[in-house]
Amino acid sequence: MHISDLAAEAGVTVKAVRYYESQGLLKPGRQANGYRIYSTEDVVVVREVKALLSLGLTAEQTYPFIECLRAGNDRADVCPASLTAYRARIAEVDRRIAELTDLRARLTNLLTDAESWRTRTR
């Protein structure tokens, strides 16, 4: 299938497919005329990458999942490296939650202080 067919089938743009290819996530064959040719397996890969990117993983962090699929697994997240990638992303989310919780507490304290100051100066 051609790039536009792959993009339509996987629900992404042609630009996204080219980006995934530039990141080494797709390795299409070439026709005699030089056009890229994609397989139905590439549709699965692109859908998986799209789903993983929506979870905040980077293109590089999707590699273990794609390798898991290419190893013949029905799911991209059943291999040890994929599970490790999930754990790493969860740890990143936990760190971000802690940062945001701290930021919220600081902002709340500033608001309380400002409101208190405002009422004292009236």
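Residues numbered from 1 in each chain as written. Predicted model: local features only at pLDDT ≥ 70, side-chain atom pairs only at ≥ 80, totals over all residues. Heavy atoms only, no water.

Under the annotation held in an unreviewed UniProt entry, the protein chain carries the name MerR family transcriptional regulator and is attributed to Kribbella alba.

*Asks:* Go over the overall build of the protein chain, please, and point to the residues and values.
*Replies:* Assigned secondary structure in the protein chain consists of five helices and two strands. Counting helices and strands in the order they occur from the N terminus, the protein chain gives α-α-β-β-α-α-α. Taking 14 Å as the expected radius of gyration for a compact globule of 122 residues, we find that the protein chain reaches 22 Å, considerably beyond that expectation. Looking at the protein chain residue by residue over its 122 residues, the buried ones come to 26%. Long-range pairs, those at least 24 residues apart, make up 45% of the contacts in the protein chain between residues at least 6 apart in sequence. Accessible surface for the protein chain amounts to roughly 8300 Å². Of this, 56% is attributable to carbon and sulfur atoms. Distance from the positive charge centre (18 side chains) to the negative charge centre (16 side chains) of the protein chain: 7 Å. (Helix = DSSP H or I, 4+ residues; strand = E, 2+ residues; numbered from the N terminus. Rg over C-alpha atoms; globule rule 2.2 N^0.38 Å. Buried < 20%, exposed > 50% of the residue type's maximum accessible area, 1.4 Å probe, protein only. Contact = heavy atoms within 4.5 Å. Areas by Shrake-Rupley, 256 points an atom, 1.4 Å probe, with all protein chains shown as cover. Lys, Arg positive; Asp, Glu negative; His and termini not counted. Charge placed at Lys NZ, Arg CZ, Asp CG, Glu CD.)

*Asks:* Account for the environment of Gln23, with residues named and values stated.
*Replies:* Mapped onto the elements, Gln23 comes out in the loop between helix H2 (14-22) and strand E1 (29-30). For Gln23, a relative accessible area of 27% translates into the label partly exposed. Spatially, the C-alpha atoms of Gln23 and Glu115 are 51 Å apart, while their sequence positions differ by 92 residues. Residue contacts for Gln23: discarding those within four places in its chain leaves Ala59 and Tyr63.

*Asks:* Quick rundown of the UniProt feature "coiled-coil region" (unreviewed entry) in the protein chain? Include the residues and the values.
*Replies:* Here, UniProt's "coiled-coil region" (unreviewed entry) annotation points to residues 83-110. Secondary structure across residues 83-110 divides into 100% helix and 0% strand, with the first and last C-alpha atoms of the span separated by 41 Å. (UniProt positions renumbered as here; feature names shortened; annotations may be inferred.)

*Asks:* Give me the nonpolar core: which residues, what numbers.
*Replies:* By size, the foremost hydrophobic cluster in this structure holds 23 residues, and its most contacted members are Leu6, Val12, Val17, Tyr20, Leu26 and Val46. Sorting the residues of this core by element identifies helix H1 (3-10), H2, helix H3 (40-54) and helix H4 (63-70) as the ones contributing at least two each. The biggest single contributor to this core is H3, with five residues. The contact partners of Val46, leaving out residues within four places of it in the chain, are Leu6, Ala10, Val12, Tyr20 and Leu26. (Core = buried A, V, L, I, M, F, W, Y, C linked by side-chain atoms within 4.5 Å.)

*Asks:* Give me the lowdown on the pattern of salt bridges, citing residues and values where you can.
*Replies:* Enumeration according to the criterion identifies eight salt bridges in this entry. A salt bridge links Arg70 to Glu67, with the shortest nitrogen-to-oxygen separation between them at 3.6 Å. Of the two residues, Arg70 and Glu67 are both situated in helix H4; the distance of three residues between them amounts to about one turn of the helix. Through salt bridges that share partners, Glu21, Arg30 and Arg36 make up one connected network. (Salt bridge = Lys/Arg side-chain N within 4 Å of Asp/Glu carboxyl O.)

*Asks:* Tell me what's going on with the environment of Leu83, and back it up with residues and numbers.
*Replies:* Here Leu83 shows up in helix H5 (residues 80-120). Between the C-alpha atom of Leu83 and that of Asp94, which follows or precedes it by eleven residues, the distance is 16 Å.

*Asks:* Before we move on, can you summarise the packing of H1 against H2 with the specific residues and values?
*Replies:* Between H1 and H2, whose axes approach to 8 Å, the crossing angle comes to 105°. Classified by the angle their axes make, H1 and H2 are roughly perpendicular. Two secondary-structure elements touch here, H1 through Ile3, Ser4, Leu6 and Ala7 and H2 through Val14, Val17 and Arg18. Each residue belonging to the contact of H1 with H2 can be placed in one class, and the counts come to five nonpolar, one polar and one charged. (Axes fitted to C-alpha atoms, helices over the stretch in contact; angles between N-to-C directions. Parallel < 35°, antiparallel > 145°, perpendicular 65-115°, else oblique. Nonpolar A, V, L, I, M, F, W, Y, C, P; charged D, E, K, R; others polar.)

*Asks:* Explain the UniProt feature "domain: HTH merR-type" (unreviewed entry) in the protein chain to me, and be specific about the residues and the numbers.
*Replies:* The feature "domain: HTH merR-type" (unreviewed entry), as annotated in UniProt, sits at residues 1-57 in this numbering. Across residues 1-57, the secondary structure splits into 56% helix and 7% strand, with the terminal C-alpha atoms separated by 27 Å.

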